[in-house]
Amino acid sequence: MNTAIWAVVGIPVIAGFLLALIPSYKVTAVGNVFASGLTFTAALTFLAMRPVTEDYVILDSLNTFFIILNTLVGFTTSAFSASYIGHEIETGRLTPLFVRFYHAMFQGMMAAMNMSLLSNNIGVMWVALELATLMTVIMVGIYRTPNALEAAWKYFILGIVGISLAFFGTILVYLAGQGVLGEGLPAMTWSNLLASAPKLDAALLNLAFVFLLVGYGTKVGLAPLHAWLPDAHAEGPTPISAVLSGLLLNVALFALLRFKMLIAAHPGALKPGPIMISIGLLSLIFAAFMLYQRRDIKRMFAYSSIEHMGLITFAFGMGGPLANFAGLLHMVMHSLIKSAIFFAVGHVAQAKGTQRIADIRGLSVSNPGLAVGLAFGVIAISGLPPFGAFMSEFLILSTTFARDPLLALAAAFGLLVALGALLLRLQHFLFGEPSEPNHEVSASSLPWMVHLTLVLVAGLYLPPALIAWFQRAAELLG
Amino acid sequence: MVAYDVAHFLAGMMLVASFMLLYQDRIFAVLNTFAAQAMLLSAAVAWQGYIRHHPDLFITAAMAFGLKGIVIPIALNRMVVKLGIHRDVDQAVNVAAAMFLGLGLTSLALMLVLKVTPGAASFTREGLALALAIILLGFLMMITRRNAVTQIVGFMSIENGLILAATGARGMPLVVEVSVAFSVLIALFVFAVFVFRIRERFDSVEIDYLDKVRGDRR
């Protein structure tokens, strides 16, 4: 096996253990950034590699793209986290011991997510996703306030129920493949299953897909299985909110996509498209309306994540080269923008000492730097030009309109409702009399600047090499 | 065929244990029933290993016996004593309703699985159907219980059903089962940490106390 592949999983694992041993939180914060950067560099070498297909590991255009996105956002989040955690220690919300633990967990979570993305074995993919889930559960509850415990408990129970259903689905997929591929490892290997997809047992595959959709769909946060998501985002540390929204939802959706490809390749099985379209639209429209009633700033952006995961699921449900391309592009844009927003929101909440929307006003006067970041982030996530999300949303809507105008209208309606809510709130955050109190925060604006610059550049000009790469990945998705 | 009779008997007994978990109202009784179910699981897995000549299944059986049959129940037992919650377990739904729901779920599982798997080998079919019934009953238990410890027992009984399903599917690689067992262990650890923290904050492990602080109410 290739060293770069080992490194992408191995570096975070080793770093996790090392970080747990170092007592000083300043050293571990730097170590966390360093390890994440190293992992990102290792992931970049995937670009120069040929596709790999082994019993346990697979590397194709599709997951290369996911891993690079994953490690990039992991890297910038670790940089944000370093400035965020310093303030949490000063205000006494976290003790140095917990921070030590937090950094080790952060690396463990990255390792589990990368492993899930790289795995060619559907069982190992599931185990890695469950490990990532359990680690984020601990992180969500790290403040140990009653609210944080409630959020973590709900996430734990719902996450574990979802993941158990997904495992039953995985067993059914194995059974469906067993008749053709024989007993043992081959029938659990995703690439083998895909190669002989038309010969698999259709009835078992159908049943499996239902379990997988409900199971992994819970982790993606699709309505009506989303109940854990807003709480987990609101009560955990903000770097974890950024990782949850930007990465973990993607990894779960990726697992679902792998199985969607399998079902779609079987002519006699049910069509996953319409199911994904309806559940995607439901999440999109539901979350768009929920945005209006939020009183907590992080909870509001959590609902915005549900909305966008709904849109992405909708795009993949439509299928075809263009919709898949747009879905992948929107996934990148959403990850980058949403984590950038959480970076800004994290510092805003620290500066104002609260997450209550009503108590956050007049940022443009009191914290102009943060206000600019938040404003650009919200404009970008609402899908306004010139940012990249405009392009991906436009592509999704136009390709849908060409095939089924009514569906496009429904999706556009959801997006407009969300746009209204976001701009209304943005106006509230930025202007008016600055609310008291106003604490000093040493916010590093580099992480969100990097993300939003990438998104802006993507909106203005996508390099042909990148387009070709996305197209290859979109073709794989079928 | 004796081989199938024994396999059916063991899986069926696991289902009976799931029904017992639904109506037990003492926390120690719940833990003991769970331990019994785990031991039945271990016997079922070992039997599959014996009739199919798959020695690696014995490892799975030993893990089920050691971890879920002995270590986890003892750990939970100690925790219950330490938390001082060995009084009654209250239920959100009454016993008769829970039993009827359980019967409904069991028939649903049997009809669903037997319908979609006409081609599969005979024990695989029935094993899968029973396993799905155990999983659904586990969900039901998690819904009807209001206590953190019994909710977690519900989760562990879901895991028992999953392992039974994985064994029923011939030759599922051992690596998966090992990692499942491993993650269950971590889940238990996470759970234990939480229960103690919840206790520390709320002075109770009743989930209803948690509901009071949830959501957008600040």
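The sections below set out a description of the structure shown in this document.

**Notes on the overall build of chain B**
Consideration 1: The helix and strand inventory of chain B stands at eight helices and zero strands.
Consideration 2: Listing each helix as α and each strand as β along chain B from the N terminus yields α-α-α-α-α-α-α-α.
Consideration 3: Of the contacts formed within chain B by residues at least 6 apart in sequence, a portion of 76% connects residues at least 24 apart.
Consideration 4: With an accessible surface of roughly 8800 Å², chain B has 69% of that area assigned to carbon and sulfur atoms.

**A word on the overall build of chain A**
Consideration 1: A count of helical and extended segments in chain A gives 19 helices and two strands.
Consideration 2: Computed over the C-alpha atoms, the radius of gyration of chain A is 21 Å, within 12% of the 23 Å expected from 2.2 N^0.38 for a compact globule of 478 residues.
Consideration 3: Counting only C-alpha atoms and orienting by the principal axes, one finds that chain A spans roughly 65 × 55 × 45 Å.
Consideration 4: The buried share of chain A, reckoned over its 478 residues, is 67%.

**Some details on helix α5 (residues 122-140) of chain A**
All names here are of chain A.
Consideration 1: Here α5 spans 27 Å end to end across 19 residues, near enough to the 27 Å set by a 1.5 Å rise per residue.
Consideration 2: Among the 19 residues of α5, 19 are classified as buried, and the element is accordingly described as predominantly covered.
Consideration 3: Here α5 starts with a cap whose side-chain oxygen sits 2.8 Å from the backbone nitrogen of glycine 123, and that cap is asparagine 121.

**Quick notes on the packing of aromatic side chains**
Consideration 1: Going through the model one piece at a time under the given rule, you end up with 20 aromatic pairs over all chains.
Consideration 2: Considering the side-chain rings of tyrosine 155 of chain A and tryptophan 228 of chain A, the 4.5 Å spacing of their centres and the 15° angle between planes classify their relative orientation as stacked. One end of the pair, tyrosine 155 of chain A, is in helix α6 (residues 146-181); the other, tryptophan 228 of chain A, is in helix α9 (residues 228-235), and 73 residues separate them in sequence. In terms of burial, tyrosine 155 of chain A and tryptophan 228 of chain A fall into one category: buried.
Consideration 3: Residues tryptophan 47 of chain B and tyrosine 50 of chain B carry aromatic rings whose centres are separated by 5.6 Å and whose planes lie at 45° to one another, so their mutual orientation is tilted. Here tryptophan 47 of chain B and its partner tyrosine 50 of chain B are both found in helix α2 (residues 27-52), three residues apart, which amounts to about one turn of the helix.
Consideration 4: Looking at arginine 258 of chain A, its charged tip hangs above the ring of tryptophan 190 of chain A, at a distance of 4.2 Å from the centre.

**Considerations on the nonpolar core**
Consideration 1: Counting 251 residues, the largest nonpolar core has Phe156 and Leu328 of chain A together with Phe191 of chain B as the members making the most contacts within it.
Consideration 2: Ranked by residues supplied to this core, first place goes to α6 of chain A with 21 residues.

**Observations regarding the pattern of salt bridges**
Residues and elements named next belong to chain A.
Consideration 1: Within the structure shown, the criterion is met by six salt bridges over all chains.
Consideration 2: The closest approach of N and O atoms between arginine 93 and glutamate 88, which form a salt bridge, is 3.4 Å.
Consideration 3: Exposure remark for arginine 93: the relative accessible area of 44% places this residue in the partly exposed category.
Consideration 4: According to the relative accessible area criterion, glutamate 88 is buried, its value standing at 2%.

**Considerations on unusual backbone geometry**
Residues and elements named next belong to chain A.
Consideration 1: Going from alanine 223 to proline 224, the amide bond is cis rather than trans, its omega being 5°.
Consideration 2: Examined against the element boundaries, proline 224 turns out to sit in the loop between α8 (202-220) and α9.
Consideration 3: That bond from proline 385 to proline 386 is cis: its omega, 5°, falls within 30 degrees of zero.
Consideration 4: Turning to its location among the elements, proline 386 is positioned in the loop between α15 (368-381) and α16 (388-403).

**Side note on the packing of helix α2 (residues 25-44) of chain A against helix α3 (residues 61-90) of chain A**
Angle between the axes and distance between the axes: these two values describe a pair of packed helices.
Residue and element names in this part refer to chain A.
Consideration 1: For the pair α2 and α3, interaxial distance at closest approach is 8 Å and the crossing angle is 170°. Comparing the axis directions of α2 and α3 gives the class roughly antiparallel. Residues Tyr25, Ala29, Asn32, Val33, Ser36, Gly37, Thr39, Phe40, Ala43 and Leu44 of α2 form the contact with α3, whose participating residues are Ile67, Ile68, Thr71, Leu72, Gly74, Phe75, Ser78, Ala79, Ser81, Ala82, Gly86 and Ile89.
Consideration 2: Considered class by class, the residues forming the contact of α2 with α3 number 13 nonpolar, nine polar and no charged.

**Topic: helix α1 (residues 3-21) of chain A**
Residue and element names in this part refer to chain A.
Consideration 1: An ideal rise of 1.5 Å per residue puts 27 Å on 19 residues; α1 measures up with 26 Å between its terminal C-alpha atoms.
Consideration 2: The largest bend in α1 comes to about 35°, at glycine 10, with the proline proline 12 one to four residues further on.
Consideration 3: Inspection of α1 places Ala4, Ile5, Val8, Val9, Ile11, Pro12, Ala15, Gly16 and Leu19 among the buried residues, and these make up the whole buried set.
Consideration 4: Lining the buried residues of α1 we find α2, β1 (52-53), β2 (58-59), α3 and α4 (96-118).

**Details of a nonpolar patch on the surface**
Consideration 1: Nonpolar side chains collect at one region of the surface, where Val13, Ile14, Phe17, Leu18 and Leu21 of chain A lie side by side and expose about 540 Å² of accessible area between them.
Consideration 2: Within the secondary structure, leucine 18 of chain A is located in helix α1.

**Concerning the environment of valine 127 of chain A**
Residues and elements named next belong to chain A.
Consideration 1: One can find valine 127 in helix α5.
Consideration 2: Under the relative-accessibility criterion, valine 127 is labelled buried at 5%.
Consideration 3: Sequence separation between valine 127 and phenylalanine 167 is 40 residues; the distance between their C-alpha atoms is 8.9 Å.

The rules behind the values
Residues numbered from 1 in each chain as written. Chains lettered and ligands numbered in written order. Predicted model: local features only at pLDDT ≥ 70, side-chain atom pairs only at ≥ 80, totals over all residues. Heavy atoms only, no water. Helix = DSSP H or I, 4+ residues; strand = E, 2+ residues; numbered from the N terminus. Contact = heavy atoms within 4.5 Å. Areas by Shrake-Rupley, 256 points an atom, 1.4 Å probe, with all protein chains shown as cover. Rg over C-alpha atoms; globule rule 2.2 N^0.38 Å. Buried < 20%, exposed > 50% of the residue type's maximum accessible area, 1.4 Å probe, protein only. Expected span 1.5 Å × (residues − 1). Polar contact = N/O pair within 3.5 Å; in protein donor to acceptor, adjacent residues only side chain to side chain. Phe/Tyr/Trp six-rings, centres within 6.5 Å; stacked < 30°, edge-to-face > 60°. Lys NZ or Arg CZ within 6 Å of the ring centre and 35° of its normal. Core = buried A, V, L, I, M, F, W, Y, C linked by side-chain atoms within 4.5 Å. Salt bridge = Lys/Arg side-chain N within 4 Å of Asp/Glu carboxyl O. Axes fitted to C-alpha atoms, helices over the stretch in contact; angles between N-to-C directions. Parallel < 35°, antiparallel > 145°, perpendicular 65-115°, else oblique. Nonpolar A, V, L, I, M, F, W, Y, C, P; charged D, E, K, R; others polar. Bend = angle between axes of the 7 residues up to and from the residue. Patch = residues over 30% accessible without salt bridge, like charges linked within 9 Å, V, L, I, M, F, W, Y side chains within 5 Å.

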